[in-house]
Amino acid sequence: FEAELKGIQTTFESKPAIHLILRDIEKRKKTEKFLLQSEKLLVAGQLAAGIAHEVRNPLTAIKGFLQLVEDNFKENKTYFEIICSEINRIETILSELLTLAKPKNMEFKTNNVTQLIDEIITLLDTEALMNQVEIKTRFAPNVSAIFCDENQLKQVFINFIKNSIEAMPNGGTITIDVKQQQPDHIQLLFIDNGCGIPEHLLKRIEEPFFTTKEKGTGLGLMISKQIIENHNGQIQYTSC
């Protein structure tokens, strides 16, 4: 553990001595790290709000006029499809930026977490099959229900599964484990056999706008961490 050591000159039984104070500073380090992360989130949120506001208005105008002129250029329909696809992608990024800047109000209800995962798998199963990815589940029996915001947890599960699919361009397997660790503690594991992330980059994946993907925004895992911590949970990453 990390410690702070201080030495004070003194006397003991009429002889010169040194009084040593050894203090565990692990909690202090964690507090400093938390404050630094909070400051990053604040700055990222302010930046995100500004970017989203400045980009969304002209983007709406571009999209509207593009739809108006599309009928006059039917022979170049493919070009319009590509442009519309990229505009939709920009709108998705803006939505993520706004979520980061102003998180949605949370509505907590009692939910069955395994049922939520099954619903997300149904939603993403087609995308997984198109990428030759198989999604397997291993649910422990009698997993207790949890008090959560259904939509926000689903967003987290979608982020994790999509990251796993993108990490396996040649196909593979995603395994989702749900275990009852304690009466009030559930552990969820999302495991894939993708390419992995180097150790020096693994420490940075929760930083605002940091991404290892060509078309990534660097916001998905950061928002997921926020959501999980708002549910009094913890998130950990390992790469083999």
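The numbers attached to residues start from 1 for each chain and follow its sequence in the written order. Where totals are concerned, whole chains, interfaces and linings use all residues; where local detail is concerned, this predicted model gives features only for residues with pLDDT of at least 70, and gives and counts side-chain atom pairs only at 80 or more. Here the side-chain values reflect all heavy atoms present in the structure, with hydrogen atoms and water set aside.

Caption draft 1: Quick peek at the overall build of the chain. Helices and strands together make up the secondary structure of the chain, namely 6 helices and 7 strands. Only DSSP runs of H or I with at least four residues qualify as helices, and only runs of E with at least two residues qualify as strands; both kinds are numbered from the N terminus onward. Overall, the chain shows an N-to-C arrangement of helices and strands of β-β-α-α-β-α-β-β-α-β-β-α-α. Note on exposure labels: buried denotes an accessible area under 20% of the residue type's maximum, exposed denotes more than 50%, and partly exposed covers the range between, all computed with a 1.4 Å probe on protein chains only. Evaluated residue by residue, the chain yields a buried proportion of 26% over its 240 residues. Any two residues whose heavy atoms approach within 4.5 Å at even a single point are treated as in contact. Summarising the internal contacts of the chain: among those between residues at least 6 apart in sequence, 67% fall at separations of at least 24. Surface exposure of the chain reaches about 16800 Å², of which carbon and sulfur atoms provide 53%. With residues, only the protein chains shown are counted as cover, and all accessible areas are computed by Shrake-Rupley using a 1.4 Å probe.

Caption draft 2: Looking closely at the packing of aromatic side chains. Within 6.5 Å between ring centres, the rings of Phe, Tyr and Trp (the latter by its six-membered ring) count as paired, and their orientation is classed by plane angle as stacked under 30 degrees, edge-to-face over 60, tilted in between. If you walk through the whole model with that rule in mind, you get 3 aromatic pairs. Members of the aromatic cluster, joined through ring pairs, are F157, F160 and F190.

Caption draft 3: Examining unusual backbone geometry more closely. Residue N142 is not a glycine yet carries a positive backbone phi of 60°. Its location among the elements puts N142 in the loop between β4 (133-139) and β5 (146-149).

Caption draft 4: Broad picture of the pattern of salt bridges. Each reported salt bridge corresponds to a side-chain nitrogen of Lys or Arg within 4 Å of a carboxyl oxygen of Asp or Glu. On inspection of all chains with the given rule, the structure shows 6 salt bridges. The salt bridge partner of E150 is K154, with a shortest N-O separation of 3.1 Å. In this pair, E150 and K154 both sit in helix α4 (residues 150-166), 4 residues apart, roughly one turn of the helix. One connected set of salt bridges, linked through shared partners, spans E4, R23 and R28.

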